[in-house]
Amino acid sequence: MSDCIFCKIVNKEIPSEVLYEDDQILAFKDINPVAPVHILVIPKKHIISVNDIIDEDSGVIGNIFIVIKKLALQQGVAETGYRVITNVGRDGGQEVAHLHFHLIGGKELGKKIG
Ligand code: AMP
Ligand code: ZN
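This write-up is about the structure you can find in this document. (Residues numbered from 1 in each chain as written. Chains lettered and ligands numbered in written order. Predicted model: local features only at pLDDT ≥ 70, side-chain atom pairs only at ≥ 80, totals over all residues. Heavy atoms only, no water.)

**Description of the pairing of strand E5 (residues 101-105)**
Among the five residues in E5, five count as buried, and that is most of the element. Of the two faces of E5, the one carrying Phe101, Leu103 and Gly105 and the one carrying His102 and Ile104 are both buried. Across five bridges, the pairing between strand E3 (residues 37-43) and E5 is antiparallel. In the strand pairing of E5, Val41 is matched with Phe101. (Buried < 20%, exposed > 50% of the residue type's maximum accessible area, 1.4 Å probe, protein only. Helix = DSSP H or I, 4+ residues; strand = E, 2+ residues; numbered from the N terminus. Pairing = 2+ DSSP bridges.)

What follows is the structure, given as structure tokens:
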């Protein structure tokens with residue numbers, strides 16, 4: 001999608017600090033981190049949110065979690081713990097309409113969800 005900021009990051013039209021890349025997936029540092037580790041893991045395909053995942057996306061969605069697991073190890077938070085979040089739509093507080101999973105860790109995150 002031409003006006004999507006994360007598609008622009010995928011296409012390298014906007015710079016980002018890439019931590020992982022393959023033909024389907026990109027992981028990069030969040031520009032406004034809320035914790036010492038704050039990484040966004042996205043499918044390169046423009047999927048708006050969890051609402052828009054279709055059967056044929058199951059492979060890439062599964063692989064995203066393998067990437068998250070590896071990044072957590074690499075970033076040193078696998079042992080201490082971390083949070084994986086995907087916001088959906090208005091009530092979910094989704095600001096960027098391209099599916100992304102926040103990997104957040106490196107500090108005590110507390111018990112609060114909402
Ligand atoms: P969400 O509220 O779940 O849609 O999260 C969007 C996230 O994208 C926020 O944490 C932003 O800080 C992050 N973000 C927005 N623009 C960029 C960018 N150009 N590079 C890296 N992260 C970004
Ligand atoms: Zn997009």
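**Brief notes about the packing of aromatic side chains**
Counted according to the given criterion, the structure contains two aromatic pairs. Look at Phe6 and Phe28: their rings are 5.4 Å apart centre to centre, the planes differ by 80 degrees, and that puts the pair in the edge-to-face class. Of this pair, Phe6 sits in helix H1 (residues 5-10) while Phe28 sits in strand E2 (residues 25-29), and the two are 22 residues apart along the sequence. We note that Phe6, like Phe28, is buried. (Phe/Tyr/Trp six-rings, centres within 6.5 Å; stacked < 30°, edge-to-face > 60°.)

**Some words on the nonpolar core**
Judged by nonpolar contacts, the single largest core of 17 residues is most densely connected at Ile25, Ile39, Val41, Ile64, Ile68 and Leu71. It is helix H2 (residues 58-74) that contributes the most residues to this core, seven residues altogether. Among residues more than four places away in sequence, those in contact with Leu71 are Leu19, Tyr20, Ala27, Ile39, Val41 and Leu103. Ranked by size, the runner-up nonpolar core spans ten residues in total, among them Phe6, Val10, Leu26 and Val96. (Core = buried A, V, L, I, M, F, W, Y, C linked by side-chain atoms within 4.5 Å. Contact = heavy atoms within 4.5 Å.)

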